[in-house]
Structure formats: structure tokens, C-alpha cells
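# Residue-level structure breakdown
Spelled out from the first residue to the last, the chains are:
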Amino acid sequence: MTAPSSKRSARADRSGNVQEVLNFLRATGPSSQATISRATGLSRATVNHIVQALRDQGAVQYEWKNKREALVCLASTKESIVTVTVTESAVHAILFDFSVQERTDLLSTHLPEYHDAAPTPSMALDLIHRIASIARQRGAPLVGAAIAIMGPIDRTTGAIAPWAWQRLPHWKQVEIQKYFVKNLRIPVIVDNDANLAALAEWSWGAGRGCSDFLNITCAQGIGGGFVINGAIYHGGTGLAGEIGHMVIEDAGDLCFCGSRGCLTSLATERAILNALPHQTVPKRSLEEVIHSAQHGDAACQRVLSETGLRLGKALATVVRVMGPRVIAIGGVLGHAGDIVMGGLRASSEIINLKAVGAGTEFRVAEIADNATELGALAAIFKEIDMGINSLSPWMLRPADPGVAEPSRTVA
């Protein structure tokens, strides 16, 4: 008779093998069973058994190259998933309906009762209920939800870190995952927005195939996300990747985190706009600065290049400590491309790194828009053992909600 501990060990081994195959497909894309076997070290018979089981579950499918050879690829659910992004000023819910391959967006600022209201947990829950009613009417109920928070999540409490909750005061001390699991009764993932943007870029963009990857999101704020061996790296407290709060100029401006000279106070939209000389028609956004720089505005070019220099100073320290193989620059600032990247690569700190030898590669992020929302999708896919190997056009194209009436049940 087999001992219970032996049975548990065997189940754990099988589960680990399944996850290894799924992680390989997420990182690499469609692959033959022979390739999977070589890469994972699992026998061909084991890989064949796992693939057949995953195919029966609908988690993978075959992509035929010809009549004799097929590649194994991830297959998405035929139901629906919702992602929710919470910022200082709004809640953005997206329904990804895989049954009809349609994306539906719902913004709190588009609803009269929430137009000027600060985001709250109950507001986010209400938007999920509303968008879930659309899914139910189509016969594709929600099977998972992912919540992206504009703020670091303390992994010991499940709430926004105490030093950062001022931007989302109504979320103070809320155990976010517990709140949504209790009210939705479906799998729920909660993470920082920058971490999820990094997961999207690793899954489908500039970081694909990298075992150690860092993505920097630069816009109104600066966030960083590490993906190591196919998973977001949170660190012991959950605050890993908070690149924006690295102090790089001791005498710099005061940041909301309480420190002076943080990268956030030197290389975000507000800092860039303030660094521009007086203009007859002042720039109102980072997008306008980038557009003018790309059309020859020397002042805008200079400020963006200097922003790249500051990024280089901060990232050189990150490279020395963590040594990621690839670092991508995304968010709105990523649209500046070579203007910012030229400044980054020209910084003395990065040049000194190169003098030591070949190391980290710096790239422009490939997922220009909706990286956080798509990363949330990738995160919940991983949670329910599903996935997709490439983004379809419908996932990138917002649609009007059509029905936005409140609904109090999700199942």
C-alpha cells in the first residue's frame, strides 16, 4: 500500500511538471513536444501525457504547421475575464469576452454618479458587477478578475503600503484581495500596476524569453516591475521594483513618499513640464512634449534627453544590484524612443557599466498602450492555468459597454 506522503509527493511532482510546461509555453510561444521535452528535461512520454491532459482541459491546443507536425500553444478560455485598473482619479474596468472575441471598456468617469468621485473599493466592485451582467447576457460568465492598483501592495497585509495610500485614501488598510474574493467568489489577482505592466511586456513584448527582466513605466509617475523565471518578483515585503523612489539627487524636490530627489520627482510628466523653458504656448502634457521633440523642438529634445540621463543614473545602480538581462522603458515616455534612450545610453553611469563588459540590454517597450490592463489579463490567466501566446487585435480595441446597469451577482 502506497503511503499518503508518497501520494502527495507524486501529485506535487505532476503539478510541478504541468506548471513547467505551461511556463515554457508562456515564455517561448508555440513549440513542438520535442522542443518542450528538451527545454524542460521531461521525458517525451511525460510531455505527451501533460499536453493531452491540458488539451482535454482546454488549456492548450495544436497549431498545425503541416499535415504531420503540430506545435503546442496556449488556448484561452471560452468565457470572460475582467480586469480593473485603479488610479487616483478613476476606475477602469475591461471585459475580455473570449466567447465572442470582444473587449468592452467601462470607465467610472463616464458614469454620472461617479464622474467626479474619488475611486473606492465599492466603486470598483460596482463596475465589475455592471460589466459582469454583460458577460452573463452573452452566456460567458466571469471566470477570473485581476485588480491593478496604482500603488505598492504590502504582501504582509494585502493592503496598499502605508507610505503610499495618500493617493488612494479610500483604500487605506483595505485587504484588497480578500475584499474582492469575498464579494465575487471567483479567482482574483491583485497587484501593483507597474508589476502587471512588466508581466505584459514579458509575456508578449520586449521581455519575451528573458529569464530576468525589468520593465520601467514612466508617465505621471514611475514604476518598475521585475519578472524573474516567469513570475513577478515582489521581494519579501512586496515592494520590489519601486524604482521611482530611488534617491538620485539629495537636494532634489520633495516627493510624496517623504524623500527628496527621488526619480519620481525628476523624470515624470510634471518634472519634465517644469523643466521646459517659458514658451508662448506652454506644453500641457508629456505627450505634447514628445510630439514636439519628434518634430524638431530643440527644448523638448533637450529635456527628454536629460530625463534619459537621469534614468541611466538610477538604472545603473539597479543593474549592479540585480543584473537583469533586459530593461525596457515603457509608459508614455517609451513613445519618445531614441530621444530618451539616447540620453540613457549616454549617461556616464551606463557607459561605465559597458566598460566592464557586455551586460544588460536596454530596449523600448513594445506594448505602448494598455500594458497594465494586459498584464492583469496575463496574471489571471496564469492563476487559472490558461493563456494565450499572442495578442489578438480585438484585445487592443476598446468597445462601448452597451449595458451599464448595476447587477449584484457575478455567478
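In this numbering scheme, every chain counts its residues from 1 along its sequence in written order. Residue-level local features of this predicted model are given only where pLDDT is at least 70; pairs of side-chain atoms are given and counted only at 80 or more, and the full residue set underlies all totals for whole chains, interfaces and linings. Side-chain figures throughout are based on the complete set of non-hydrogen atoms in the structure, without hydrogens or water.

## Thoughts on the overall build of the protein chain
Only DSSP runs of H or I covering at least 4 residues are called helices, and only runs of E covering at least 2 are called strands; the numbering of each starts at the N terminus. Across its full length, the protein chain carries 12 helices and 14 strands. Atoms counted for the radius of gyration: C-alpha only. Globule rule: 2.2 Å times residue count to the power 0.38. Its C-alpha atoms give the protein chain a radius of gyration of 22 Å, near enough to 22 Å, the size a compact globule of 411 residues would have. With respect to the principal axes defined by its C-alpha atoms, the protein chain has extents near 75 × 55 × 45 Å. When a residue's accessible area, from a 1.4 Å probe over protein chains only, is under 20% of the maximum for its type it is buried; when over 50% it is exposed; and in between it is partly exposed. Within the protein chain, the proportion of its 411 residues that are buried is 52%. Expressed as a percentage of contacts within the protein chain between residues at least 6 apart in sequence, the contacts between residues at least 24 apart total 63%. Per-residue and other accessible areas were derived by the Shrake-Rupley procedure at a 1.4 Å probe size, with only the shown protein chains allowed to occlude residues. Here the protein chain has roughly 18,800 Å² of accessible surface; of this, 50% comes from carbon and sulfur atoms. For the purpose of charge, His is not counted, nor are the chain termini; Lys and Arg are scored as positive and Asp and Glu as negative. All charge positions are set by atom: Lys at NZ, Arg at CZ, Asp at CG, Glu at CD. Across the protein chain, the 38 positively charged side chains and the 38 negatively charged ones have centroids separated by 7 Å. Only heavy atoms enter the contact rule, under which two residues are in contact if any of them lie within 4.5 Å.

## Comments concerning the packing of helix α6 (residues 193–204) against helix α12 (residues 371–383)
Where α6 meets α12, the axes come as close as 7 Å, and the angle between the chain directions of the two elements is 75°. In terms of their interaxial angle, α6 and α12 are classed as roughly perpendicular. On α12, the residues that touch D193, L196, A197, L199, A200, S203 and W204 of α6 are A371, T372, L374, G375, A376, A378 and A379. Residue polarity follows a fixed list, in which Ala, Val, Leu, Ile, Met, Phe, Trp, Tyr, Cys and Pro are nonpolar, Asp, Glu, Lys and Arg are charged, and the others, Gly among them, are polar. When grouped by side-chain class, the residues that make up the contact of α6 with α12 number 10 nonpolar, 3 polar and 1 charged. All axes here are fitted lines through C-alpha atoms, helices being fitted over the stretch that makes contact, and every angle between N-to-C directions spans 0 to 180 degrees. Any angle from 65 to 115 degrees is called roughly perpendicular, while one under 35 is roughly parallel, one over 145 is roughly antiparallel, and all others are oblique.

## Some details on the pairing of strand β10 (residues 212–218)
For β10, the buried fraction is high: 5 of the 7 residues fall into the buried class. Here the rule is simple: two strands pair whenever DSSP picks up at least two bridges between them. Sheet topology note: the β10/strand β11 (residues 222–228) ladder contains 7 bridges and is antiparallel. Residue pairing across strands places F213 opposite V227, the latter belonging to β11. What sits between β10 and β11 in their antiparallel hairpin is a turn of 3 residues.

## Structural notes on the nonpolar core
Residue types Ala, Val, Leu, Ile, Met, Phe, Trp, Tyr and Cys, when buried and joined through side-chain atoms within 4.5 Å, form a set referred to as a nonpolar core. Ranked by size, the top nonpolar core spans 53 residues in total, and within it V60 and F96 carry the most contacts. Examining the composition of this core, we find that 8 residues originate from one element, α12, more than from any other. In contact with F96, not counting residues within four places along its chain, are E79, S80, I81, T83, E102, R103, L374, L377, W394 and M395. Counting 37 residues, the second largest nonpolar core, distinct from the first, contains F226, I243, A267 and L344.

## Focus on a nonpolar patch on the surface
Only residues whose relative accessible area exceeds 30% and that form no salt bridge are eligible for patches; like-charged ones are grouped when within 9 Å, while nonpolar side chains (Val, Leu, Ile, Met, Phe, Trp, Tyr) are grouped when within 5 Å. Salt bridges are identified by distance alone: a Lys or Arg side-chain nitrogen within 4 Å of an Asp or Glu carboxyl oxygen. Among the surface-exposed residues, Y233, V321 and M322 lie close enough to one another that they form a single nonpolar patch of about 290 Å² accessible area. Structurally, V321 can be placed in helix α9 (residues 298–322).

## Quick notes on the confidence of the model for the protein chain
Any segment with low pLDDT has predicted coordinates that should not be analysed in fine detail. Of all residues in the protein chain, 93% attain a pLDDT of 70 or more, and the chain-wide mean is 88. As a per-residue quantity, pLDDT reports the predictor's confidence and falls between 0 and 100. Residue range residues 403–411 is modelled with pLDDT below 50. Its contacts to residues more than four positions away, or to other chains, number 27 contacts.

## Re the state of the cysteines
Two cysteine sulfur atoms form a disulfide, by the criterion used here, when they sit within 2.5 Å. Tallied over the entire structure, the rule returns 0 disulfides. You can see C300 has no disulfide; the closest cysteine sulfur is in C218, sitting 17 Å from it. Note on C300: relative accessible area 0%, which makes it buried.

## Observations concerning the side chain of H92
Examined against the element boundaries, H92 turns out to sit in strand β4 (residues 91–97). H92 sits in the buried class, given a relative accessible area of 14%. A 3.5 Å cut-off defines polar contacts: any pair of N or O atoms within that distance qualifies, except that in protein one atom must be a possible hydrogen donor and the other a possible acceptor, and neighbouring residues in sequence count only when both atoms are side-chain atoms. In terms of polar contacts, H92 uses its side chain to reach the side chain of D105, at 2.7 Å. Not counting residues within four places of it along the chain, the set of residues in contact with H92 comprises T83, V84, T85, R103, D105, L106, L107 and E373.

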